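Residue strings, one per chain:
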Amino acid sequence: MSIKPLFDRVLCQPVTTETTAGGIYLPTTGAERSQIMTVIEVGNASPVAVGDKIIVNKYAGAEVMYENRKLYLVQNIDIIGVIYE
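Right, let's walk through the structure included here. Keep in mind that what you see is a predicted model, and the values were worked out from it rather than measured.

### Structural notes on the pairing of strand β6 (residues 62-66)
As defined by bridge partners, β6 adjoins strand β7 (residues 69-75) across 5 bridges and the pair is classed as antiparallel. Bridging from a neighbouring strand, tyrosine 66 pairs with arginine 69 of β7. Remark: 2 residues form the turn of the hairpin made by β6 and β7, two consecutive strands paired antiparallel; glutamate 67 in that turn has positive phi of roughly 50°.

As structure tokens, then:
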């Protein structure tokens, strides 16, 4: 079983670690929800692709618990940018 977003929605998962300027990984669990997310699945009219890292509005999206993971369904309008590494 899997989740397929409809229309202009994107299914994404928050990035659970952040790095400091020195390269030290800091877990974000217990802190505020990360605005940086990884795209897991896209709808029909999405400008991003699976695997992209995106930045979303702070309180955007509908939270979904699926297979013990916290996922978010976000509309395209709430995607602020794409992170290229």
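### Comments concerning the nonpolar core
With 12 residues, the main nonpolar core is built from Val10, Cys12, Met37, Val39, Val42, Val48, Ile54, Val56, Ala60, Tyr72, Val74 and Ile79. If you list the elements that add at least two residues to this core, you get β1 (9-14), β4 (36-42), β5 (53-56) and β7. Beyond its immediate chain neighbours, meaning those up to four positions away, valine 74 contacts Asp8, Arg9, Val10, Cys12, Val56, Ala60, Gly61 and Ile79.

Cut-offs applied
Residues numbered from 1 in each chain as written. Predicted model: local features only at pLDDT ≥ 70, side-chain atom pairs only at ≥ 80, totals over all residues. Heavy atoms only, no water. Pairing = 2+ DSSP bridges. Helix = DSSP H or I, 4+ residues; strand = E, 2+ residues; numbered from the N terminus. Core = buried A, V, L, I, M, F, W, Y, C linked by side-chain atoms within 4.5 Å. Buried < 20%, exposed > 50% of the residue type's maximum accessible area, 1.4 Å probe, protein only. Contact = heavy atoms within 4.5 Å.

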